[in-house]
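Residue-level structure breakdown
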Amino acid sequence: MNKIREILNTVLENRGKPQINSISDSSDLRNDFGLDSLDLAELTVRIEAEYDVDIFQDGIVTTVGEILEKINNKK
Amino acid sequence: MMKNILVTGVSRGLGLEIVKAILADDENFVYGISRLKTKELDELLINNANRFKWLSYDLSNVNDVRNKIFKEFIGVTTPLHGFVNNAAIAYDDIVTNLKYEPLLNMYNVNVFTPMIISKYVIRQFLLHNTKGSIVHISSISVHTGYKGLAMYASSKGALEAFSKNTAREWGEKTIRSNVVVAGFMETEMSAMLSADQKDRIYKRTSLKTPTVTKSVAETITFLLSQKAESITGQNIHVDSGTI
């Protein structure tokens, strides 16, 4: 969870958007963190580099919990 | 810092010239791809062993782009700064003889695989926060029309549209995409034309001469560089002033 928050903050920082302090399974990537489609693309790439999982490979993810689920399914 | 550029179709003609022009700047490193290794390519590899790596890959294979090119050849940890989509095959025939299989194969090599490569190139730009530059090579046949080139020109026209929209989509991330529209050059691509056919083509240009391969290669190198940082979504014609 901490690693995901770190990655999210890198993406937000690269677009000059405010950092986040806490995240939970139900955090919504677009509505809670203000990520747009370009940010989600960068998030995908950074998660893929870390976990070798393409979270958008089969369908859209909207929450932090869904990202963790995709990463855990891979393990 | 070393700039890493991915170039396809490096074994012959324009591809060889592009690699030479890029390597002329000793801060550049080339990851080159082609199906076969020619004698000229081999020499270039030997003479630039520390700044030029090569992979044999057939672009009609749309499925192994990520694994073979990005994971194994370039490596996820390597920052990428540019991509030159140069490789292409020509399917020449009049439209009434058009067949699906060769058309599909040409589209795989000229359009579909380059689009998939672009996907991973942009992902690599994003991962490393590089101000990446993509250059597609198109052909003057898209803009003028020549007998027998309808299918080939259609594939290049697709790339021009793809580039324009890539530029619009990714500009905010300082990623650029441009097209160099090349005129007829004296390469193997146009070797099947007769002297008379070539002569008629060259007469349709302002300069009345074939397009010089090196001039095309230098324009590509310029578009890859930071000198071209405000140029994106453009088609740059290097075609002896085709009219």
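The present account deals with the structure reproduced in this document. Model, not experiment: these values are computed from the prediction. Numbering of residues starts from 1 in each chain and follows the order in which that chain's sequence is written. Think of it this way: whatever chain is written first is A, whatever ligand is written first is 1, and the rest follow in order. Local features in this predicted model are restricted to residues whose pLDDT is 70 or higher, and side-chain atom pairs enter the listing and the counts only when it is 80 or higher, whereas totals over whole chains, interfaces and linings include all residues. Calculation of side-chain values draws on the structure's entire complement of heavy atoms; hydrogens and water are dropped beforehand.

Looking now at the overall build of chain B. Secondary structure counts use DSSP, requiring at least four H or I residues in a row for a helix and at least two E residues in a row for a strand, with both numbered from the N terminus. Scanning chain B for helices and strands turns up 7 helices and 7 strands. For chain B, the sequential pattern of α-helices and β-strands runs β-α-β-α-β-α-β-α-β-α-β-α-α-β. Between the two quantities, the radius of gyration covers C-alpha atoms and the globule rule is 2.2 Å times the number of residues to the power 0.38. Relative to the 2.2 N^0.38 estimate, which gives 18 Å for 243 residues, the radius of gyration of chain B is 17 Å and therefore close to what a compact globule would have. Referenced to the eigenvectors of the C-alpha coordinate spread, the extents of chain B come out at roughly 50 × 40 × 35 Å. Note on definitions: a residue-residue contact is assigned when non-hydrogen atoms from the two residues lie within 4.5 Å. Look at the contacts in chain B between residues 6 or more apart in sequence, and 72% of them connect residues 24 or more apart. Surface accessibility of chain B: about 11200 Å² in total, with carbon and sulfur atoms responsible for 53%. For chain B, the separation between the mean place of its 28 positive charges and that of its 23 negative charges on side chains is 3 Å. What sets the accessible areas is the Shrake-Rupley method with a 1.4 Å probe; for residues, cover comes only from the shown protein chains. The sign given to each residue is positive for Lys and Arg and negative for Asp and Glu; His and the chain ends receive no count. Every charge is mapped to an atom, namely NZ of Lys, CZ of Arg, CG of Asp or CD of Glu.

Residues and elements named next belong to chain B. Each residue is assigned to one of three classes by its accessible area relative to the maximum for its type, calculated with a 1.4 Å probe on protein chains only: buried under 20%, partly exposed between the two thresholds, exposed over 50%. For strand β6 (residues 176-182), a buried count of 7 out of 7 residues is recorded, marking the element as mostly surrounded by other parts of the structure. The side-chain alternation of β6 yields two buried faces, one formed by R176, N178, V180 and A182 and the other by S177, V179 and V181. Relative to β6, strand β5 (residues 133-139) runs parallel, the two sharing 7 bridges. What sits directly across from I134, in β6, is S177. Each parallel crossover has a hand, and the one from β5 via helix α5 (residues 150-170) to β6 is right-handed. In this analysis, strands are considered paired if DSSP registers two or more bridges between them. Where β6 and strand β7 (residues 235-238) come together, 4 bridges link them in parallel fashion. Looking across to β7, one finds that A182 is bridged to V238. Place the viewer so that the strands point away; then a crossover is right-handed whenever the path from the first strand over the helix to the second strand goes clockwise.

We now examine the sheet that holds β7(B). All names here are of chain B. Read from one edge of the open sheet, 7 strands run β3-β2-β1-β4-β5-β6-β7, paired in parallel fashion. The open sheet has two edge strands, β3 (52-56) and β7, and neither has a second partner. Averaged over neighbouring strand pairs, the angle between their axes works out to 20° when direction is ignored. Axis geometry follows a simple rule: fit a line to the C-alpha atoms, using only the stretch in contact for helices, then measure angles between N-to-C directions, giving values from 0 to 180 degrees. Along the sheet, helix α1 (residues 13-23) makes contact with β1 (3-8), β2 (28-34), β3, β4 (82-85) and β5, crossing β2 at roughly 165°. Here α5 sits on the sheet in contact with β4, β5, β6 and β7, set at roughly 155° to β5.

Our next topic: the packing of aromatic side chains. Residue and element names in this part refer to chain B. Stacked, tilted and edge-to-face are the three classes assigned to paired rings of Phe, Tyr and Trp, where Trp is represented by its six-membered ring and a pair needs centres within 6.5 Å; plane angles under 30 degrees give stacked, over 60 edge-to-face, the rest tilted. As enumerated under the stated definition, the model contains 5 aromatic pairs over all chains in all. Their ring planes at 85° and their centres at 5.4 Å tell us that Y31 and F73 sit as a pair that is edge-to-face. In this pair, Y31 is assigned in strand β2 and F73 in helix α3 (residues 65-74), connecting sequence segments 42 residues apart. Here the two residues Y31 and F73 agree in accessibility, since each one is buried. An angle of 80° between the planes, with centres 4.9 Å apart, marks the rings of Y146 and F184 as edge-to-face. Within this pair, whereas Y146 is found in the loop between β5 and α5, its partner F184 is found in the loop between β6 and α6 (195-203), the two being separated by 38 residues in sequence.

Think of an α-helix as 3.6 residues a turn; residues three or four steps apart then line up on the same face. Residue and element names in this part refer to chain B. Multiplying 1.5 Å by the residue count of a helix minus one yields the expected span of that helix. Between its first and last C-alpha, helix α7 (residues 213-224) extends 17 Å over 12 residues, near the 16 Å set by a 1.5 Å rise per residue. When we look at burial in α7, the residues that qualify are T213, V216, A217, T219, I220, T221, L223 and L224. As for α7, its buried residues are in contact with β1, α1, β4, β5, β6 and β7.

Here, a salt bridge means any side-chain nitrogen of Lys or Arg that lies within 4 Å of a carboxyl oxygen of Asp or Glu. Counting across every chain of the model gives 20 salt bridges over all chains. Across the pair B:R123 and A:D54 runs a salt bridge whose closest N-O atoms are separated by 3.2 Å. Here A:D54 lies in the loop between α2 (37-51) and α3 (64-74) and B:R123 lies in helix α4 (residues 100-128), a pairing that spans two chains. Of the residues examined, B:R123 reaches a relative accessible area of 16% and is grouped as buried. A relative accessible area of 13% means that A:D54 is categorised as buried. Ionic pairing is found between B:R200 and B:D196, a salt bridge with its closest N-O pair at 3.8 Å. Of the two residues, B:R200 and B:D196 are both situated in helix α6; the distance of 4 residues between them amounts to about one turn of the helix. Overlapping salt bridges, with partners in common, bring together A:E48, A:D52, A:D54, B:R66, B:K71 and B:R123 in one network.

Attention now goes to the pairing of β2(B). Residue and element names in this part refer to chain B. Counting buried positions along β2 gives 7 out of 7 residues, so the element sits mostly inside the fold. In β2, alternate side chains face the same way, and those of N28, V30, G32 and S34 on one face and F29, Y31 and I33 on the other are all buried. Sheet topology places β1 next to β2; 6 bridges connect them, and they run parallel. Note that in β2 the partner of V7 across the bridge is G32. A crossover links β1 with its parallel partner β2, the connecting element being α1, and its sense is right-handed. Two strands pair when backbone bridges link them, and β2 and β3 are joined in this way by 5 bridges, in the parallel orientation.

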